[in-house]
Amino acid sequence: RCHHCPHLLTRPYEKSEKPCVLSEYMEKYPLYPSTLPRDSFKPKEEYKMAQIPMEGISTAKRDYIAHEVLPLKLKEPEKHVKNDESMDLTSIYRQDYNPHPICQVPPCLPRETRDISGAKMDTKSTYEDDYVLWNEPRTELIRPDNGYHPSEAKFDHRTVVQDDYLYRGPVATQSCKPLNLSQKSKDPFDNMTNYRVNYVPHPLEKRYIHQHEKYKPSEVPFDGLTTHKVSYKGLAAKPAKLAKPYQPKLLHDLPFSSTTEFQEKYQAWPQHPIFTKKTVEYVPPIEKMDLHTTTQLHYKHPNGKPAKMCRSLAQLKKSTGPFNSSSTMKEDYKPWVCKRVKPITHAPELTFPATPMDCLSTFRTHYLPHPLTITKSYKPAWPGPRPHTLLDAKTIYATSYTPKGIVKCLASYKDPPGYIFGGTDADGHKLYVPASEGECLQG
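Residues numbered from 1 in each chain as written. Predicted model: local features only at pLDDT ≥ 70, side-chain atom pairs only at ≥ 80, totals over all residues. Heavy atoms only, no water.

Under an unreviewed UniProt entry, the name given to the protein chain is SAXO1 protein, and the organism recorded is Anseranas semipalmata. Of the protein chain, the UniProt comment under Sequence similarities (unreviewed entry) reads exactly: "Belongs to the FAM154 family." (UniProt positions renumbered as here; feature names shortened; annotations may be inferred.)

Novice: Would you mind going over the overall build of the protein chain with me for this structure?
Specialist: Counting its secondary structure elements, the protein chain contains 12 helices and 3 strands. Entry remark: accessible area of the protein chain is about 52,900 Å², with carbon and sulfur atoms responsible for 59%. (Helix = DSSP H or I, 4+ residues; strand = E, 2+ residues; numbered from the N terminus. Areas by Shrake-Rupley, 256 points an atom, 1.4 Å probe, with all protein chains shown as cover.)

Novice: So what exactly am I meant to see when it comes to the packing of aromatic side chains here?
Specialist: The description of an aromatic ring pair rests on the distance of the ring centres and on the angle between the ring planes. Counted by the stated rule, this structure contains 4 aromatic pairs. Consider the rings of Phe363 and Tyr367, whose centres lie 4.9 Å apart with planes at 15°: the pair is stacked. Take Phe363: its relative accessible area is 58%, and that puts it in the exposed class. With a centroid separation of 5.6 Å and an interplanar angle of 70°, the aromatic rings of Phe421 and Tyr432 are classed as edge-to-face. Taken together, the residues Phe421 in strand 1 (residues 419–424) and Tyr432 in strand 2 (residues 430–434) connect sequence positions 11 residues apart. The exposure class assigned to Tyr432 is buried, which follows from its relative accessible area of 7%. (Phe/Tyr/Trp six-rings, centres within 6.5 Å; stacked < 30°, edge-to-face > 60°. Buried < 20%, exposed > 50% of the residue type's maximum accessible area, 1.4 Å probe, protein only.)

Novice: Would you mind going over the confidence of the model for the protein chain with me for this structure?
Specialist: When pLDDT drops low, the exact placement of atoms in the prediction is not to be read closely. Of the residues in the protein chain, 85% have a pLDDT of 70 or more, and the chain-wide mean is 77. Across the protein chain, helix 6 (residues 194–198) holds the top mean pLDDT of 86, while strand 3 (residues 441–442) sits lowest at 46. Confidence over residues 439–443 falls short of pLDDT 50; this stretch has 20 contacts with residues more than four positions distant or in other chains. (pLDDT = per-residue confidence, 0-100. Contact = heavy atoms within 4.5 Å.)

Novice: What is the right way to read the pairing of strand 1 from this model?
Specialist: Along any regular strand, the residues point their side chains to alternate faces of the sheet. Across 5 bridges, the pairing between strand 1 and strand 2 is antiparallel. Within the sheet, the bridge partner assigned to Ile420 lies in strand 2 and is Val433. Remark: 5 residues form the turn of the hairpin made by strand 1 and strand 2, two consecutive strands paired antiparallel; Gly428 in that turn has positive phi of roughly 90°. (Pairing = 2+ DSSP bridges.)

Novice: Is there a simple way to think about the pattern of salt bridges in this case?
Specialist: Two side chains of opposite charge can pair, provided their charged atoms sit close to one another. With the rule as written, the count across this model stands at 3 salt bridges. A salt bridge links Asp163 to Arg158; the nearest nitrogen and oxygen atoms lie 3.3 Å apart. Taking the relative accessible area as the measure of exposure, Arg158 reaches 43% and is therefore partly exposed. (Salt bridge = Lys/Arg side-chain N within 4 Å of Asp/Glu carboxyl O.)

Novice: Hey, could you run me through a negative patch on the surface in this one?
Specialist: Together, Asp122, Glu128, Asp129 and Asp130 line one region of the surface with negative charge. Position of Asp130 among the secondary structure elements: in helix 4 (residues 126–130). (Patch = residues over 30% accessible without salt bridge, like charges linked within 9 Å, V, L, I, M, F, W, Y side chains within 5 Å. Lys, Arg positive; Asp, Glu negative; His and termini not counted. Charge placed at Lys NZ, Arg CZ, Asp CG, Glu CD.)

Novice: Help me understand the side chain of Thr365 in this model?
Specialist: Counting through the fold element by element, Thr365 comes out in helix 11 (residues 362–366). For Thr365, a relative accessible area of 17% gives the class buried. Among the polar contacts listed, one links the side chain of Thr365 to the backbone oxygen of Thr362, at a separation of 2.9 Å. (Polar contact = N/O pair within 3.5 Å; in protein donor to acceptor, adjacent residues only side chain to side chain.)

Novice: How should a nonpolar patch on the surface be read in this particular structure?
Specialist: Nonpolar side chains collect at one region of the surface, where Met87, Leu89 and Leu141 lie side by side and expose about 330 Å² of accessible area between them. Locating Leu141 in the fold gives a position in the loop between helix 4 and helix 5 (160–164). When its relative accessible area of 54% is taken as the criterion, Leu141 is described as exposed.

Structure below.
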C-alpha cells in the first residue's frame, strides 16, 4: 500500500531531475535530529614530572647507618651431670591447689509464685555420689620390657592350623535329585497340530486391477493467456526518461594511434655499459713456504725428560702364611640344619557313584505335559474386495472459498472518488480532502 510520489519538484529556486522521495513511510516515521554524545567528565591522567632533580640517595642509605659488626661469641653448652636421686612425680597442681568447701550457689532466676515444698533438698550431684576418689598407690613408669630371650628349643615348623584342625576325611553326601517318575510312551508320535486340524483353506479370489482411462485432449483451442495478462493490463503512461547524461560522440577520420600516454611520457632511459673488472692471473711464488710455527720456534725443550709421578707407592707386606678366609658373616651367621617340609595333600573328597548317569535335566524330570488350549481369534472377518468408486474432486477450499475483487490504489486516479481537491503544496503535490472525514490524501 506504500507508494512513492512520481512528481518532480516545482519550486522556483530548486530545479533537478531527481524524483520526489516522499512516501507514506517517511510521513509516519520522520527523521529526528541526531545529537552527538557528550564528552567525558573524567579527569585525564597525565603524569607530571617534578622539576627538582632526583637525589641518588635512598631512604635506607640515609636512615640506616652502618655499625661495626663483631663476631658472635658462642656460649659453650654445660656438660650433663647424671643425678642419682629418684624423680619426684608430684605436679604443681597437686602442691598449689587448695580444696575449698562446697557451698550452695544462690539461683539467678526470677522468683516464681508457686508452692515450694519445705523438704530439704539434696544438693549432692550424681558425679559426687557415683565417682569416689580411689586410694591408689603411686603409678610406676611405663618402660619397654627388654627381658625377652628367644628359647633355645628346636623349632618344629608346625603351625596352629596343622595342630588344631585335624583332617576328618571325605564326607559322603546324599543326592537330593528327585526320582524320574514319568514314563515314556511307546506309541508313535502324532505329527498333527492344532493349526493343521482347525485351519480351513479358502479359495483365493482374483485380484482387482484398476483400469486407467485414456487421456482425451480438449477440443477448445488454447488462448495463450495467463492470469498476469488477464488481471494486469498496461495503463497509458509516458515512457521513462533516460537519466544518463548526454555524451556527444566525436567523429573524426584520423587513424587510431597505437601509442598510449604511458609510452609517450615515460620513455626508456639510456643504459650505460656495465663495468666489469678483469681478474688478475695467479702467479705461484718462487720461494718455498716455511712450515715452522711460533710454538716450534720459541718453545723448545732442552734435554727434556718425561715427568715422574709424585704419588708414593703403597708398600704391601706379603705374608708367608696361609690365607684366612673366615669373615664376620661366616662366624656369626651360621646356617641352620633344616629339613625340607613336605606339602600337606588331602585325599580327594569327591566320590563318584557306581550307577550310570541318567542324563536327564531338571526340566525333563519336573515338566508335565498339559493339553493344548485353543485360543479364539478376535480378528475381524475380511469383508471382501471393495467396489471401485470414483474420487470426489470437491474440497473445502473449492466449495467455501469466494474470490475477492482487486482493490485499485486511489492515488492512480486523476480525480479519486470520495475526495475533493484541496490545493497544491510547494513541492507540486495535490492535496485531496475526503468528503466525509477531515483526512488528507497526497498525490
